[in-house]
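# Residue-level structural notes
Spelled out, the chains give:
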Amino acid sequence: MYFPGQQAASEATPGTGYQVEVVQGAIEDQQDDAIVCPMIGHDPLSSRIGKTLSNIIGKQLKEKFDKETGKATLPGETVVVDGLPGLKCKAVIFLNLICWDNKEDGSAAQALRQGIKRILAICKIRGYSSVALPVLGTGVLLRFPHKIASTILLEEIGLYGQNRTEKTSFRVRVIVYPKDKQSSQAFKCAQGVLLQNGYISHVDLAEGSFYQCVSVIDDEITAMIGRVKLQLVCGDIVNAGTDVIVNTTNFTNLLTGVSKAILEAAGPAVHAELLQVGTPEDLICSTSAGQLGCKQIIHARFKGSTQRIRSTCKKILQHCESKGYGSVAFPAINTGQAGMLFGESCKAMLDGMAVAIKEMNPDFVSLIRIVILEKQVFQAFRSELESRCQQDDVQSWFSFLGFSKRPTKKILDMYLGRSRQDQTAELPEGAKWAIEDESGEFLELCLLDKEADVKRELSLDMSTKDGKRFTVNLKTREATECLTGKSYEMKNVATEPDSVASPLSLELPPQWEPMNGQQFKKVELDPKSTEYQNVADNFHKTTSYNIHKIERVQNVFLWHAFNICRRRILSKNGEADLGEKFLYHGTSAKSCDTIERDRFDRSYAGQHAAVFGKGVYFAVNAKYSATKYSLADESGLKRLYMARVITGRYTVGSSTMKAPPPRGTDPTDCFDSLVNCQVEPVIFVIFHDDQAYPEYLITFS
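Everything quoted here is computed from the prediction, not taken from an experiment.

### Focus: the overall build of the protein
The helix and strand tally for the protein stands at 17 helices and 31 strands. Burial status across the protein gives 52% buried among its 701 residues. In the protein, the proportion of contacts linking residues at least 24 apart, taken out of those at least 6 apart, comes to 70%. A total of about 31,300 Å² of accessible surface is found on the protein, and carbon and sulfur atoms cover 48% of it.

Here it is in C-alpha cells:
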C-alpha cells in the first residue's frame, strides 16, 4: 500500500506514482481497471481463470472475445475485452501463452515476458490506473516452475517501473491464489533478491500479513485471514449461499431475531427438529438445512459474552473443517436483541476465527461470510476489519514504492543461484529441508543466507517459520537447534517419498510413469499389458463394444485431493464402510479435458438426469453408462471413464436431494453417497468433487 510522504517515494524514479503489490486473493474479485487471464491456443476458456470467469459472465464472455479478435493470436499476444457483466473491473486482458519448454530463455519464457510488456503497454495507452495479474504460467496446463514464473513477472514489472516517466499514479497488483502455496513461497523466498534490486518493502515477510484486504465495495468487503477468504456482506443470511449457516438462538424463544428468519426459511421440519433437541448442554448443536439450500445449520447461544463468541466461533470452524465443508456464513452475533456493541462483537468474532485458522491451517474451509442485515452494523464491522488489515501493515506481503536509480541486475540469475561474479551455488534444485519435532510434526527449514555456497560449506544457518534457528551439517544431515543444542535428522521432503512434510502428503501410484515435475500426464496403455487387460475385461463384462484405446490419467493434484477425501471418509467410517469401488461415468469428448484436469463437476448435475439426487452419477455396469451417457463424436467414437470412487455409507436418493441426509439423530453424521436402491445398487451419486478420480479413459465404438 502506498503511504504519501514516505521518504522512499521521493527516492524513486521519476514515475513516483508507480506502485507494486503482491497480495493473496482471487483474480475475479479484483476491482482494478483491468485483470489478466492466461489462455492457451487462443481459447479464452482454456485456463482455470478463464473457466471461472465464464461461470460468472456466461456466454457473453466467448461472444465478446470472438468479436474483439478477427484472427487467432500468437504466443505473447493479447486480446482486450471490455464491459463484461458480473466483474468489478473495466476490462479483461487475455494473454496467449505456451507450455513450459524446460528452457529459462526458451520460447515459453519469451512469450511470457513479451506478454507482460504488452499488458503494461496496453494499460498505458488506455489510461488505466491499475491492473491485476495472476501468477501467470504456473497452472497445470502451462507448467512453469513457480520460482521462474514469479521472478519473470516481478522482473518485467520492475523494468517497466524503471523506464516509466509519467507522473500519474499507476498500480500493478500480483494476485496469488490463496491455495497456491508454491507461488506464495516463491515470492517470499525472493525477498532478499528483490530488496537488493531496488524494491522497497514495508512488511516483514517471515510470516506474511495475516489479515489482507482484497477488495472493497459499498456493500461488501473481501479480505484474507491467512489462506481463508473472509467476506463481510450487507444482506440477508438466508441467501448466504454457503455450505453451513450459523443461527444465533437462546434455545427457548426460537422465533425471534435472526433465528426466526432462518427457521422460517428452513421450514417447519427444521423448527420441529430444533424443538426436539431442547437446550444442548454445551449450547451448540446442528440440524438439517430443510429448505434453506445449505448442507447444515449450526445453532448456538453466545450469551452476549466476548469470550464465548471467540470460543464458539473457533469451535464452529473446527466442526466445519472436520466435516469437509468449504464455506460457512455467520450473522453479526448478538448485535440485535442481545444489545452488544457492534465493534465488540466483531472483534470477538474475528479473534475466534483467526485463532481457529492459525491452529487448523484448514484444507477444506476456504470461505467465511459474515452476513449483516443492518447497514450501521455492517459499517462498524467493516471499520474493524479494515483496521486489522492496516495494523497488519497493509494489504499485501510486498508493498513497493519505487525502484532505485541504479541498473537492475537480472533477478532470475540471482534467484536461481547464479551470483554476480563467481556463480555462487545454491541448495539442490527443488530441495525442501525439514526436521521432525517431538510431536511428529515436520517443520520446514529455510536458508538464512540466500547466497551461501552450499557446495563448499558443510555448515549452514537455517530457521523454521516460527523463528527457531538451527546449524545444519549437510554431510551428516543433522540440524542442531542453537538455543537448546538438540539435534534432529534433516530430510529433503521434496525428493524422499518416505519423508512427508504433512500427513496429507501422499505417494503416487506405483504404475504411474514418472511425472518429472509435471502435474498432468495422459498415458496410453499397451494392449498387451496386464493393466490394459484388467480394464478391458471389466468393461467387456457387460458390453460388446470395440475398444480403440485405454488411457491412464495421471493428475497429481486430483490424485492427492482424492486421497485426502479418502482419508477423511476412512477416519469417519472405518475400513469396512469405506466403499472404494471402480465405477463408470459416460461423457462427451469435449468434457474430457475438464474432468481430467479439473475433476468431476457437480455444477453439471441434472444436465442429463438427476433422479436420485443433484450430484455426479456413476454406474456399476459399463453398459449403462456407455449406452446412455457416452456421446459419440463426429467420427463415431465414444468415451467412458472407469473411475475410482469412494461411496462410503449410502442410502436411496431422490431428485430433490442436494446432499446426502443424516444417518440418524446426529445431523452431522451424514451418508456419503446416494443410490438407486439399498440392496445391490447399480447407480451411485456423490456430492464431493474429490470423492472420485478419473483413473482410466476408455475410447470405444
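### A few points about helix H4 (residues 107-126)
Taking 1.5 Å per residue as the helical rise, H4 with its 20 residues ought to reach 28 Å, and the 28 Å between its terminal C-alpha atoms agrees with that figure. Ala108, Ala109, Ala111, Leu112, Arg113, Gly115, Ile116, Ile119, Leu120, Ile122 and Cys123 are the residues of H4 that are buried. Two residues or fewer past H4, Gly127 is found with a positive phi of approximately 75 degrees.

### A word on the pattern of salt bridges
Counted by the stated rule, this structure contains 26 salt bridges. Between Glu166 and Arg164 there is a salt bridge; the shortest N-O distance is 3.8 Å. Given a relative accessible area of 24%, Glu166 falls into the partly exposed group. Exposure remark for Arg164: the relative accessible area of 5% places this residue in the buried category.

### Side note on unusual backbone geometry
Despite not being glycine, Leu283 has its phi angle at roughly 60 degrees, a positive value. Note that Leu283 resides in the loop between helix H9 (268-277) and strand S11 (284-287). For Leu283, a relative accessible area of 11% translates into the label buried. Despite not being glycine, Asn334 shows a phi value in the positive range, around 60 degrees.

### With respect to the packing of helix H10 (residues 306-322) against helix H11 (residues 342-360)
Look at H10 against H11: their axes get within 8 Å of each other, and the N-to-C directions meet at 40 degrees. Taken as axis vectors, H10 and H11 run oblique relative to one another. Relative to H11, H10 is oriented so that their crossing is right-handed. Side by side, H10 and H11 meet where Thr306, Ile309, Arg310, Cys313, Lys314, Leu317, Gln318 and Glu321 of the first sit next to Glu344, Ser345, Ala348, Met349, Asp351, Gly352, Met353, Val355, Ala356, Glu359 and Met360 of the second. A per-class count over the contact of H10 with H11 returns nine nonpolar, four polar and six charged.

### Description of the nonpolar core
Ile316, Val328, Phe330, Met349, Ile368 and Phe381 are the most contacted members of the largest nonpolar core, which has 39 residues in total. When residues in this core are grouped by element, the largest group, eight residues, is from H11. Sequence-distant contacts of Ile316, defined by excluding residues within four places in its chain, comprise Val246, Ile284, Ile298, Phe302, Val328 and Phe330. In this structure, Val36, Leu97, Ile119 and Val172 belong to the second largest nonpolar core, which totals 37 residues.

### What to know about the pairing of strand S26 (residues 616-619)
With burial as the criterion, each face of S26 is covered, one bearing Val616 and Phe618 and the other bearing Tyr617 and Ala619. Note that S26 and strand S30 (residues 683-686) share four bridges and pair antiparallel. Opposite Phe618, over in S30, you have Phe684 as the bridge partner.

### Structural notes on the confidence of the model for the protein
Predicted coordinates in regions of low pLDDT should not be interpreted in detail. Within the protein, residue pLDDT values average 78, and 79% of them lie at 70 or more. At the level of individual helices and strands, the protein shows its lowest average pLDDT in helix H1 (residues 7-10), which scores 25, and its highest in strand S10 (residues 244-248), which scores 96. When the criterion is pLDDT under 50, residues 191-209 qualifies, and its contacts beyond four places in sequence or with other chains add up to 61 contacts. Across residues 392-427 the pLDDT falls below 50, and counting only partners more than four positions away or on other chains, this stretch makes 152 contacts in the model.

### Some words on helix H16 (residues 589-598)
Looking only at H16, the buried set comprises Cys592, Thr594, Ile595 and Glu596. Arg599 sits one or two positions beyond H16 and adopts a positive phi of about 115 degrees.

### A word on the side chain of Asn96
Structurally, the position occupied by Asn96 is in strand S4 (residues 91-97). For Asn96, a relative accessible area of 2% gives the class buried. In terms of polar contacts, Asn96 uses its side chain to reach the backbone carbonyl oxygen of Thr73, at 3.0 Å. Once you skip the residues sitting within four places of it in the chain, Asn96 turns out to touch Met39, Ile40, Gly41, His42, Thr73, Leu74, Pro75, Gly76 and Glu77.

Rules used throughout
- Numbers given to residues run from 1 along each chain, matching the order in which its sequence is written.
- Side-chain atom pairs in this predicted model are given and counted only at pLDDT of 80 or more, local residue features only at pLDDT of at least 70, and totals for whole chains, interfaces and linings cover all residues.
- Computation of side-chain values: all heavy atoms of the structure, hydrogens and water removed.
- Strands here are runs of E lasting at least two residues and helices are runs of H or I lasting at least four, both read from the DSSP assignment and numbered beginning at the N terminus.
- Here the term buried applies to any residue with accessible area under 20% of the maximum for its type, exposed to any over 50%, and partly exposed to those in between, with areas from a 1.4 Å probe on protein chains only.
- The contact criterion used is simple: two residues touch if any of their non-hydrogen atoms lie within 4.5 Å.
- Residue burial considers only the protein chains on display, and all accessible areas are found by Shrake-Rupley using a 1.4 Å probe.
- Each helix should span, by expectation, one fewer than its residue count multiplied by 1.5 Å.
- By definition, a salt bridge exists where a carboxyl oxygen of Asp or Glu is found within 4 Å of a side-chain nitrogen of Lys or Arg.
- Geometry is summarised by axes, namely lines fitted to C-alpha atoms with helices restricted to the contacting stretch, and by angles between N-to-C directions that run from 0 to 180 degrees.
- By definition in this entry, angles of less than 35 degrees are roughly parallel, angles greater than 145 are roughly antiparallel, angles of 65 to 115 are roughly perpendicular, and the rest are oblique.
- Two helices cross in a left-handed way if the nearer one is turned anticlockwise from the farther one by less than a right angle. They cross in a right-handed way if the turn is clockwise.
- Residues are grouped as follows: Ala, Val, Leu, Ile, Met, Phe, Trp, Tyr, Cys and Pro are nonpolar; Asp, Glu, Lys and Arg are charged; every other residue, Gly included, is polar.
- Residues belong to one nonpolar core when they are buried, are Ala, Val, Leu, Ile, Met, Phe, Trp, Tyr or Cys, and are joined through side-chain atoms within 4.5 Å.
- Paired strands, as defined in this entry, are two strands with at least two bridges between them according to DSSP.
- pLDDT is defined as a per-residue confidence score from the predictor, taking values between 0 and 100.
- Each polar contact in these results corresponds to two N or O atoms within 3.5 Å; when the atoms are within protein, one needs to be able to donate a hydrogen and the other to accept it, and residues that are neighboring in sequence are counted only if both atoms are side-chain atoms.

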